Amino acid sequence: MIKTSPRLKNLLMLTLAGFINAFGITVFLAPVKLYDSGISGTSMLLSQITPDNLSLSLFLVLLNVPLFLYGLKKQGKLFTLYAIYSVCAYSFFAWLITDVLPIDVSLSSPLAGHDLLLCALFGGLISGIGSGLAIRFGGAMDGIEVMAVIFSKRLGVSVGTFVMGYNVILYVICGIAINSWILPLYSVVAYAAALKTVDYIVEGFDRAKCAIIITNHADDICKALSETFECGSTRLVAKGGYSGEEKSMIYFIVNRFQVTQMRDIIHEIDDRAYIIISEVADVFSANMD
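K.L.:
When you look at the pairing of strand S3 (residues 246-254) in this model, what are you seeing that I'm missing?
P.N.:
In the case of a regular strand, side chains alternate between the two sheet surfaces. Pairing of strand S1 (residues 208-215) with S3, which is carried by seven bridges, proceeds in the antiparallel orientation. In the strand pairing of S3, isoleucine 213 is matched with isoleucine 250. Here six bridges tie strand S2 (residues 234-239) to S3, and the two strands are oriented antiparallel to one another. Paired with alanine 238 across the bridge in S3 is lysine 247. Remark: six residues form the turn of the hairpin made by S2 and S3, two consecutive strands paired antiparallel; glycine 244 in that turn has positive phi of roughly 75°.

So this is what it looks like as structure tokens:
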């Protein structure tokens, strides 16, 4: 049965994600007027060009929550709940750091000073960890991604292209609004660092390798691989597109340190075997309890 009620573990991790994201933004990016991507970056810009009582925390909630609610039907109730919770946690901790805790983040980063490159790299890295954790535990930290899922197909573009297009427009507007292109350009560095970090957090640092082996000696290869790596393999029946010959296709998962050994074993048995290797983000096994 699919669980539709919130899990305590997810809520705790989303709370942590909100804190990490807020720390990266308020301690490294916002003090030197660098911009995050998506709605978070939009909120940062609006908080700078509007009266002081309209804070970053307020804009985060005002802009994100309606987008998540708009995507409720597409994304489901549980995701929407987790996403709204993530943004509220992010907003709360951003308010706590900027307005309550005895940390001066008004003029420079307390840790990196005025060094724009350090602020961009560490701000992007830390906020990327927060965003990645939010995604990994069922939520999201930015409503623009939900809009990308909904509208990208209608516009004939990919989700990534939609998000990238939004961010390009955002950084151009930031440059025009502050009459400078240095800060928006450094913001692109922060965005790149965050994007890569999100990939690592969501998909893992050490991705497994998927090997597809096409051979006429499947029995021997499967036996050798199973004995060497102590794990199973999957065999599929295949047919040569040109020759029409019956062949076997073996599906096998290894880590990156085992690829060379696997290749040598296969070619020792069948020097004409065709091997395709690609990355896989996660490998899940069935729970047999």
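Anyway, onward from the coordinates.
K.L.:
How should the sheet that holds S3 be read in this particular structure?
P.N.:
For sheets, the rule is that strands pair by backbone hydrogen bonds, running either parallel or antiparallel. Judged by pairing direction, the sheet is antiparallel, and its four strands sit side by side in the order S2-S3-S1-S4 without closing on themselves. The open sheet has two edge strands with one neighbour each: S2 and strand S4 (274-280). Across this sheet, the average inter-strand angle for adjacent strands is 25°, counted without regard to direction. Most of the contacts of helix H10 (residues 218-229) go to S3, to which it runs at about 10°, and overall it touches S1, S2 and S3. In this fold helix H11 (residues 259-269) packs onto S1, S3 and S4, with an angle of close to 160° to the strand it touches most, S4.

K.L.:
Please clarify how the packing of aromatic side chains should be interpreted in this entry.
P.N.:
Summed over the entire model, instances satisfying the criterion amount to nine aromatic pairs. With a centroid separation of 5.4 Å and 80° between ring planes, the pair formed by phenylalanine 19 and phenylalanine 93 is classed as edge-to-face. On the criterion of sequence distance, the pair formed by phenylalanine 19 in helix H1 (residues 8-29) and phenylalanine 93 in helix H5 (residues 77-100) is long-range, its members being 74 residues apart. What makes phenylalanine 19 partly exposed here is its relative accessible area of 36%. Ring centres of phenylalanine 229 and phenylalanine 252 lie 5.8 Å apart, and the angle between their planes is 50°; on these two criteria the pair is classed as tilted. With phenylalanine 229 in helix H10 and phenylalanine 252 in strand S3, this residue pair connects regions lying 23 residues apart in the sequence. One aromatic cluster in this structure is built from Phe19, Phe23, Phe28, Phe92, Phe93, Trp95 and Phe122.

K.L.:
How should I be thinking about the pattern of salt bridges in this particular structure?
P.N.:
Working definition: two side chains of opposite charge can pair if their charged atoms are close together. As enumerated under the stated definition, the model contains three salt bridges in all. Note that aspartate 219 is salt-bridged to arginine 235, the shortest N-O span being 2.3 Å. Of this pair, aspartate 219 sits in helix H10 while arginine 235 sits in strand S2, and the two are 16 residues apart along the sequence. Aspartate 219 gets classed as exposed once you look at its relative accessible area, which sits at 53%. What makes arginine 235 partly exposed here is its relative accessible area of 42%. Note that aspartate 264 and arginine 263 form a salt bridge whose closest N and O atoms lie 3.7 Å from each other. What makes arginine 263 partly exposed here is its relative accessible area of 39%.

K.L.:
Even after reading the chapter, I still don't get the side chain of serine 248, so can you show me in this structure?
P.N.:
Within the secondary structure, serine 248 sits in strand S3. Side chain to side chain, serine 248 and arginine 235 meet in a polar contact 3.3 Å long. The contacts of serine 248, once residues within four sequence positions are left out, are Ile213, Ile214, Thr215, Ala218, Arg235 and Leu236.

K.L.:
What is the right way to look at helix H3 (residues 56-70) in this model?
P.N.:
Counted at 1.5 Å a residue, the expected span for H3 with its 15 residues is 21 Å, and the 22 Å between its end C-alpha atoms agrees. Among all positions of H3, only Leu56, Ser57, Phe59, Leu60, Asn64, Val65, Leu67 and Phe68 are buried. Its buried side turned inward, H3 meets H1, helix H2 (38-49), helix H4 (72-75), H5 and helix H7 (143-155).

What counts and what doesn't
- Residues numbered from 1 in each chain as written.
- Predicted model: local features only at pLDDT ≥ 70, side-chain atom pairs only at ≥ 80, totals over all residues.
- Heavy atoms only, no water.
- Pairing = 2+ DSSP bridges.
- Helix = DSSP H or I, 4+ residues; strand = E, 2+ residues; numbered from the N terminus.
- Axes fitted to C-alpha atoms, helices over the stretch in contact; angles between N-to-C directions.
- Contact = heavy atoms within 4.5 Å.
- Phe/Tyr/Trp six-rings, centres within 6.5 Å; stacked < 30°, edge-to-face > 60°.
- Buried < 20%, exposed > 50% of the residue type's maximum accessible area, 1.4 Å probe, protein only.
- Salt bridge = Lys/Arg side-chain N within 4 Å of Asp/Glu carboxyl O.
- Polar contact = N/O pair within 3.5 Å; in protein donor to acceptor, adjacent residues only side chain to side chain.
- Expected span 1.5 Å × (residues − 1).

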